[in-house]
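# Breakdown of the fold
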Amino acid sequence: MKDLPEAVVDSKFLQQNLDESVDKETTSNSEHKNLPDTSAKVSLFSSFFTSNFSLFERNPSSFSVENNPSKSSSYGWTTAVKNIISSGSMRRLQDLVLGSSSAVTLSSTSEIWFLGKCYNLSFEESHNPDPGNSFTSFLEDFSSRIWITYRKGFKPIGDSKFTCDVNWGCMIRSSQMLVAQALILHYMGRSWRKSSQKPYDFQYIEILRLFGDSSLCTFSIHNLLKAGKDFGLAAGSWLGPYAMCRTWETIAHANREQDEHKQSLPMVLYVVSGDKDGEQGGAPVICIEVVSRLCHDFSKEQLDWAPILFLVPLVLGLEKINPRYIPLLRETFTFPQSLGILGGKPGTSTYIVGVQDEKALYLDPHEVQTAVDIKKDDLESDCSSYHCSTVRHLSLDMIDPSLAIGFYCRDKGDFEDFCSRATQLADKSGGAPLFTVAQNLPHSKPISHNDCSALGADINSSDDFCSENLIDDQTQEDEWQIL
């Protein structure tokens, strides 16, 4: 899996005390290697980068190496260097050295739009007239979002031998984070913050349990793979945002059929992208008539409306994202209904949660952590591995053009506000909106194109974005285009 060149701001940023971070990523459970003692050489090597590129979060085990007396020292040194150079952290440092990533931090003056909330940052906390807009408040908000990463040590997935999802599960993990945020909004509200003390909220623990790494957990990687098999989802393989959205649609429907009285996803899920046989081109249309019918069916005709989760998969370019869409993507984070974006660099899925200037802020699923079991009703559970205080970012123009945007509308009034904002955003698009809103579906069929499910695969990433399938009809009158 390729790692993102990144700049990081953590809780030490206010004191300008940023230290080097070392990615915990491994390639699989079987690839752990014991290495000879090379601490002196590694210390010298790492100290160079620490003094010059101290941009990452603190990790006391930086470049640690284990002993293996059965290996010769020369072989051990070669192996140690090979492992260090192939690590995610080393690749990030190489990116900095080679100039492929600018070593910049978040601006202390520019506003941040974070999942529908604006933070006008000020590092002079004591003189800030609105403490709720301070960097500290932003970091508290950021670190309260549920962070879901690669895990190792869980029970095998289905009939496979996979007990970890390193190098292929980042799209699944990113989507879990987005849906978890929808559940937080639904049950806890946007103002909810994770408590610093135990016991935790019962509902918070229940949400975490849904995403555990076991077939007993409704939205586990095990069950998502099972639900997505018709869309090419399989352990060890990778696919694009569109198929991931359809997978969530499938698992939500299956869960509803199994237990009508207890919905694990207590909201309508609407994938706004075309017919059931595949993604359709042209600007996706949110049809008010369809939304109304889905809400009516979801509530078993008892209510006229229901909470709704929108997933809008898009392909906004060929090899690179078309610059005309960047301002539109940025503005979606100002929507109170924002759930962020499934996206990242080609080959690397992340959960994009905010923007500042030309930077996309994201939660990164590429850290390997040991699977944990959150017990039902255990309000004293160790939930630390589900939260992150490290704010990573990448340039908006580096985002893979294949992505999906999420929105959550609590009720009819919230939906109407969302439609108003979406219509205004489409009016600013110059004929190329991200998506549109209409009372009824248009009669004319939009440009069709296939889901590029192999976009940016973890294992065999490619810059080939299925361009031969993106546009089937050049004469289509729809002004929306993929260029």
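## Structural notes on the side chain of Ser175
Inspection of the secondary structure assignment puts Ser175 in helix 5 (residues 170–187). In this structure Ser175 touches Met244, Trp248 and Leu342, once residues within four positions along its chain are discounted.

## With respect to the nonpolar core
Grouped burial of nonpolar side chains is what soluble globular proteins tend to show. Among the nonpolar cores identified, the biggest contains 73 residues, and Phe138, Phe211 and Trp248 are the most heavily contacted of them. With 11 residues, helix 5 is the single largest residue contributor to this core. In this structure Trp248 touches Ser175, Gln176, Val179, Phe211, Phe219, Leu224, Leu269 and Leu311, once residues within four positions along its chain are discounted. By size, the runner-up hydrophobic cluster in this structure holds 43 residues, among which are Val272, Phe335, Ala360 and Tyr362.

## Side note on unusual backbone geometry
Cis geometry is found at the peptide bond from Lys198 to Pro199, where omega equals 0°. With phi around 45°, Leu115 is a residue other than glycine that occupies positive phi space. Within the secondary structure, Leu115 sits in the loop between strand 2 (111–114) and strand 3 (117–120). Residue Leu115 is classed as buried on the basis of its relative accessible area, which comes to 0%. Notably, Asn167 is not glycine yet its phi reads approximately 80°, a positive angle.

## Some details on the pattern of salt bridges
This model, assessed by the stated rule, comprises 12 salt bridges. In this structure, Asp141 engages Arg190 in a salt bridge whose closest nitrogen and oxygen atoms are separated by 2.9 Å. Of this pair, Asp141 sits in helix 4 (residues 135–144) while Arg190 sits in the loop between helix 5 and helix 6 (202–210), and the two are 49 residues apart along the sequence. Taken as a pair, Asp141 and Arg190 share a single burial class, namely buried. A salt bridge links Lys375 to Asp373; the nearest nitrogen and oxygen atoms lie 2.7 Å apart.

## Some remarks on the environment of Tyr119
Within the secondary structure layout, Tyr119 lies in strand 3. The exposure class assigned to Tyr119 is buried, which follows from its relative accessible area of 1%. It is 4.7 Å that separates the C-alpha atoms of Tyr119 and Asn133, two residues lying 14 residues apart in sequence. Excluding residues within four positions of it along the chain, Tyr119 makes contact with Ser110, Glu111, Ile112, Phe114, Gly132, Asn133, Ser134, Ser137, Phe138, Asp141 and Arg193. Among the polar contacts made by the side chain of Tyr119, one reaches the side chain of Arg193 at a distance of 3.4 Å.

Calculation notes
Residues numbered from 1 in each chain as written. Predicted model: local features only at pLDDT ≥ 70, side-chain atom pairs only at ≥ 80, totals over all residues. Heavy atoms only, no water. Helix = DSSP H or I, 4+ residues; strand = E, 2+ residues; numbered from the N terminus. Contact = heavy atoms within 4.5 Å. Core = buried A, V, L, I, M, F, W, Y, C linked by side-chain atoms within 4.5 Å. Buried < 20%, exposed > 50% of the residue type's maximum accessible area, 1.4 Å probe, protein only. Salt bridge = Lys/Arg side-chain N within 4 Å of Asp/Glu carboxyl O. Polar contact = N/O pair within 3.5 Å; in protein donor to acceptor, adjacent residues only side chain to side chain.

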